[in-house]
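Now for the letters of each chain:
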Amino acid sequence: MRGQIILSHGSDSGPDATKVSVLAALAEALGWSTQRLDYRDDDRHGHAGSVAPRIARLRAAMEPLVAPPVLVGSSMGAFVSGLASLERPVAGLFLLATPAAIPGFESAFDLRLDVPTVLIHGWRDEVCPLDEMYEFAGRRQLPLLILDDDHRLSASVHTISQQFRMFLEQLAVAA
């Protein structure tokens, strides 16, 4: 086994969502262990109200692990993965359609600086404006792949899978 990956779905989604399922299957085929967290109960508190419970759930999943996990998240899942990386060591961050802020939540998006990170966003993201994540990636000099897609990135699952494969291969070589 190469390591542990924890996948976090977005709001109005679930652990069996398309992107999370495809990425988990790919990781498992490459020898990684995966865990898909279920945040649906937390999401009943609304966007701002779900952030803290989601981070607590993610932190609890990370605690018993022997080695730092790779965190994969989409939208709200990306937001909480980044924030969780500030509290616990992680081996990598693969974040999709990340919001720069959650209205009503006190903290803006952030992440641990010393971790391999890939950000993927859609040109036509109608939920999380690209400009804000573009500015964030520029300030931090992080790789940002911008795809011709909307917030769900459903037309880009194949491309995202290819990027994820390359990301995991780079992590395996670095280990």
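Just above sits the structure.
Reference entry: report on the structure contained in this document. Predicted, not measured: the structure shown is a model, and the values here were computed from it.

## As for the overall build of the chain
- Tallying secondary structure elements over the chain gives 6 helices and 6 strands in all.
- Against the 2.2 N^0.38 benchmark of 16 Å for 175 residues, the chain shows a C-alpha radius of gyration of 15 Å, consistent with a compact globule.
- In terms of overall dimensions, the chain has C-alpha extents of about 40 × 35 × 30 Å along its principal axes.
- When each of the 175 residues of the chain is scored for burial, the buried share is 49%.
- A fraction of 65% describes how many contacts in the chain between residues 6 or more apart in sequence connect residues 24 or more apart.
- Looking at the chain as shown, the accessible area adds up to about 8,300 Å², and 51% of this sits on carbon and sulfur atoms.

## What about helix α4 (residues 76–85)?
- Here α4 lies mainly inside the structure; 10 of its 10 residues are buried.
- Every buried residue belonging to α4 is among Met76, Gly77, Ala78, Phe79, Val80, Ser81, Gly82, Leu83, Ala84 and Ser85, and all of these are buried.

## Comments concerning the side chain of Lys19
- With respect to the helices and strands, Lys19 occurs in helix α1 (residues 18–29).
- Within the buried set, Lys19 has no salt-bridge partner at all; the shortest N-O distance to an opposite charge, 7.7 Å, is to Asp150.
- Apart from the residues within four sequence positions on either side, Lys19 is in contact with Ser74, Leu96, Arg152, Leu153, Val157 and Ile160.

## Concerning the packing of aromatic side chains
- Summed over all chains, the structure comprises 5 aromatic pairs.
- Geometrically, the ring pair formed by Phe79 and Phe105 is edge-to-face, given 6.1 Å between the ring centres and 80° between the ring planes. Note that Phe79 is positioned in helix α4 and Phe105 in the loop between β4 (92–96) and β5 (117–122), a separation of 26 residues in sequence. Each of the two residues, Phe79 as well as Phe105, counts as buried.
- Where Phe94 meets Phe164, the ring centres are 4.8 Å apart and the plane angle is 50°; that geometry is what we call tilted.

## Focus: the pairing of strand β6 (residues 144–147)
- Here 4 bridges tie β5 to β6, and the two strands are oriented parallel to one another. Following the sheet pairing, Leu119 is matched in β6 by Leu144.
- Traced from β5 through helix α5 (residues 130–140) to β6, the parallel crossover comes out right-handed.

## Topic: the sheet that holds β4
- The parallel open sheet is built from 6 strands, whose spatial order is β2-β1-β3-β4-β5-β6. Unpaired on one side and paired on the other, β2 (33–37) and β6 mark the two borders of the sheet. Averaged over neighbouring strand pairs, the angle between their axes works out to 15° when direction is ignored.
- Relative to β2, α1 is tilted by about 165°, and along the sheet it contacts β1 (4–8), β2, β3 (70–74) and β4.

Rules used throughout
Residues numbered from 1 in each chain as written. Predicted model: local features only at pLDDT ≥ 70, side-chain atom pairs only at ≥ 80, totals over all residues. Heavy atoms only, no water. Helix = DSSP H or I, 4+ residues; strand = E, 2+ residues; numbered from the N terminus. Rg over C-alpha atoms; globule rule 2.2 N^0.38 Å. Buried < 20%, exposed > 50% of the residue type's maximum accessible area, 1.4 Å probe, protein only. Contact = heavy atoms within 4.5 Å. Areas by Shrake-Rupley, 256 points an atom, 1.4 Å probe, with all protein chains shown as cover. Lys, Arg positive; Asp, Glu negative; His and termini not counted. Salt bridge = Lys/Arg side-chain N within 4 Å of Asp/Glu carboxyl O. Phe/Tyr/Trp six-rings, centres within 6.5 Å; stacked < 30°, edge-to-face > 60°. Pairing = 2+ DSSP bridges. Right-handed = clockwise from strand over helix to strand, strands pointing away. Axes fitted to C-alpha atoms, helices over the stretch in contact; angles between N-to-C directions.

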